[in-house]
Amino acid sequence: MMTTKSIINTLISLGYNFVQIQTGKDFTKVSIDPDISPAPKIITENSSTVVDFDGKLKIKYDPYFENFVNEIQSSDLIISHAGAGTCLEVLRQKRPLIVVINEDLMDNHQTELAEQLCNDGYLYYSICDTLCEVLQKDLSKLKPYPEPDKFLFCQIFG
């Protein structure tokens, strides 16, 4: 998904030069669009794989981030799956978020969550086929996610 020619060109045209992807432990290998020219360099470092697109953009694939919050805080944009924990963690860190919905899930709760958070103005969402157009949306129009009300439980059940 992230290494199609249109996604790479869009990321470069938007000024991104470094993208990190947390792949999970079952990730096997990077798939590169054969239409990308010149062919990118692929470098393996420990458990990470770095793909260098002619010095214009680097994408780093890691199975796991040791300190997820630090990675979020140091990022200009987060593109993630639509898991509730990941969405809330990113939104609490006040970072722009685009979630890519896994259409293969049965009883797709990710779609419901992404649609609601998008309707509320906190994030944008896409499927793999629409990521390129969603990347071009104005991220400054996203609203900051509100701080939790620490007294809400007591007010309801008090």
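Anything mentioned here points back to the structure above.
Residues numbered from 1 in each chain as written. Predicted model: local features only at pLDDT ≥ 70, side-chain atom pairs only at ≥ 80, totals over all residues. Heavy atoms only, no water.

1. Things to note about the sheet that holds strand S5 (residues 78-80)
Strand pairing within a sheet occurs via backbone hydrogen bonds; the two strands may be parallel or antiparallel. Ordered by their spatial adjacency, 3 strands build an open sheet running S5-S6-S7, and the pairing between neighbours is parallel. Here the strands that pair on one side only, and so sit at the sheet edges, are S5 and strand S7 (124-126). Across the sheet, the axes of successive neighbouring strands diverge by a mean angle of 20 degrees, strand direction being ignored. In the sheet, S5 pairs with strand S6 (residues 97-100) via 3 bridges, with the strands oriented parallel. Note that in S6 the partner of Ile 79 across the bridge is Ile 98. Across the sheet, helix H3 (residues 84-92) lies against S5 and S6, angled at about 170 degrees from S6, the strand it touches most. Contacting S6 and S7, helix H4 (residues 109-119) crosses the sheet at an angle of about 145 degrees to S7. (Pairing = 2+ DSSP bridges. Helix = DSSP H or I, 4+ residues; strand = E, 2+ residues; numbered from the N terminus. Axes fitted to C-alpha atoms, helices over the stretch in contact; angles between N-to-C directions. Contact = heavy atoms within 4.5 Å.)

2. Looking at the sheet that holds strand S2 (residues 41-45)
Spatial ordering of the open sheet is given by S1-S4-S3-S2, a layout of 4 strands whose pairing is mixed. Of all strands in the sheet, those with a lone pairing partner are strand S1 (18-22) and S2, marking the two edges. Recorded for the sheet is a direction-independent mean angle of 20 degrees between the axes of neighbouring strands. Pairing geometry for S1 and strand S4 (residues 57-62), over 5 bridges, is parallel. Following the sheet pairing, Gln 22 is matched in S4 by Asp 62. Running over the sheet, helix H1 (residues 5-13) touches S1, strand S3 (48-53) and S4 and is turned about 120 degrees from S4.

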